[in-house]
Amino acid sequence: MIIDFHSHTFLSDGVLSPAELVQRAVAAGYRALAITDHVGYANYQYVCEALLRECEVVNRELPITALVGVEITHVAPRALGALAERCKAAGAQVVAVHGETITEPVPAGTNAAAAECEAVDVLAHPGLLTAADARVGQERGLAFELSARKGHSAANGRVARVCQEVGATMIVNSDSHAPEDLLTESLVEKIILGAGLERAQIETIRHENTTALLNRCASAAG
């Protein structure tokens, strides 16, 4: 069953409400979904509070684990760590950082700041990831994203190669903004193979790595 740590609702730039996104994930066969709407210093409290209320109901009523998350987006690297800690204090179970994708002008140094910050769980679409940043993240268990999102996915091959080189953890995320963006088992497999990885690595990436991260985030929140 699918575990996805990167999705968006109309609390940022997605098209669905949190409730509808989760219901569609249930219909798509998801086991767990982190809702990680874009945040900065201006809106992180609002997003966390809204998702805490929604996820409380979802987790009581639906056969899925819904995680309160954020994606820290276009925040100056030196200010990123403090915001990640504030998000965790506000109830975020999953803190993702919008990495240095090749399709957007993300501030240089964002990947490094995310790799160093203990409060960050996922580095999303890290673009031209360096071995040095991957190694720092690997040492503390950061998960590096292979992205299903058009544009961001163009660097998946480099991300996979660098993560393999240093032994860093990889996961596949949808970065969904609309219902048609949600993952399928077949798509996850194709993304892994398309990144240049071997078929023998599929289960580690799509099941073992995601389950370990899910257990860690859920237990930390509890």
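Okay, so let's go over this structure. All residue numbers refer to positions counted from 1 along the written sequence of the respective chain. Local features in a predicted model are, by the rule used here, given only for residues with pLDDT of at least 70; side-chain atom pairs are given and counted only at 80 or more, and totals for whole chains, interfaces and linings are based on all residues. Based on all heavy atoms of the structure, the side-chain values leave hydrogens and waters out of the count.

## Considerations on the side chain of Thr211
Piece 1. Strands here are runs of E lasting at least two residues and helices are runs of H or I lasting at least four, both read from the DSSP assignment and numbered beginning at the N terminus. Its place among the elements puts Thr211 in helix H8 (residues 202-221).
Piece 2. A simple rule labels every residue: compare its accessible area, found with a 1.4 Å probe on the protein chains alone, to the largest value its type can have, and call it buried under 20%, exposed over 50%, or partly exposed in between. On the accessibility criterion, Thr211 (15% relative accessible area) is buried.
Piece 3. Side-chain polar atoms of Thr211 contact the backbone oxygen of His207, separated by 2.7 Å.
Piece 4. Contacts were defined at the residue level, with two residues in contact if any of their heavy atoms lie within 4.5 Å. Residues contacting Thr211, with those up to four places away along its chain left out, are Ile3 and Arg31. A 3.5 Å cut-off defines polar contacts: any pair of N or O atoms within that distance qualifies, except that in protein one atom must be a possible hydrogen donor and the other a possible acceptor, and neighbouring residues in sequence count only when both atoms are side-chain atoms.

## Thoughts on helix H2 (residues 44-61)
One full turn of an α-helix is made of 3.6 residues, so residues set three or four places apart face in the same direction.
Piece 1. Compared with the 26 Å implied by 1.5 Å per residue over 18 residues, the 26 Å span of H2 between its first and last C-alpha is a close match.
Piece 2. When we look at burial in H2, the residues that qualify are Tyr44, Val47, Cys48, Ala50, Leu51, Cys55 and Val58. Relative to the axis of H2, the buried residues are bounded by an arc of 165° and lie together on one face. For H2, the exposed residues lying more than 90 degrees away from the buried face are Arg53, Glu56, Arg60 and Glu61.
Piece 3. Of the surrounding elements, those touching the buried residues of H2 are helix H1 (18-27), strand E2 (30-39), strand E3 (65-72) and helix H3 (77-89). The span expected for a helix works out to 1.5 Å for each residue beyond the first. Here, the arc refers to the directions that run from the helix axis to the C-beta atoms.

## Focus: the sheet that holds strand E1 (residues 2-4)
In a beta sheet, neighbouring strands are held together by backbone hydrogen bonds and run either parallel or antiparallel to one another.
Piece 1. Strand order in the open sheet formed by 7 strands is E1-E2-E3-E4-E5-E6-E7, and the pairing between neighbours is parallel. Bordering the open sheet on either side are E1 and strand E7 (169-173), each of which pairs with just one other strand. Here the strands of the sheet are splayed against their neighbours by 30° on average, with no regard to which way each runs.
Piece 2. A pair of strands is considered paired only if DSSP assigns at least 2 bridges between the two. In this structure, E2 lies alongside E3, joined through 8 bridges in parallel fashion. Across the sheet, Ala32 pairs through a bridge with Thr65, a residue of E3.
Piece 3. Between the N-to-C directions of two axes lies an angle of 0 to 180 degrees, each axis being a line fitted to C-alpha atoms and, for a helix, fitted only over the stretch in contact. Set on the sheet, helix H6 (residues 156-166) makes contact with strand E6 (143-147) and E7; between it and E6 the angle comes to about 150°.

On their own, these measurements won't tell you what the molecule is for.
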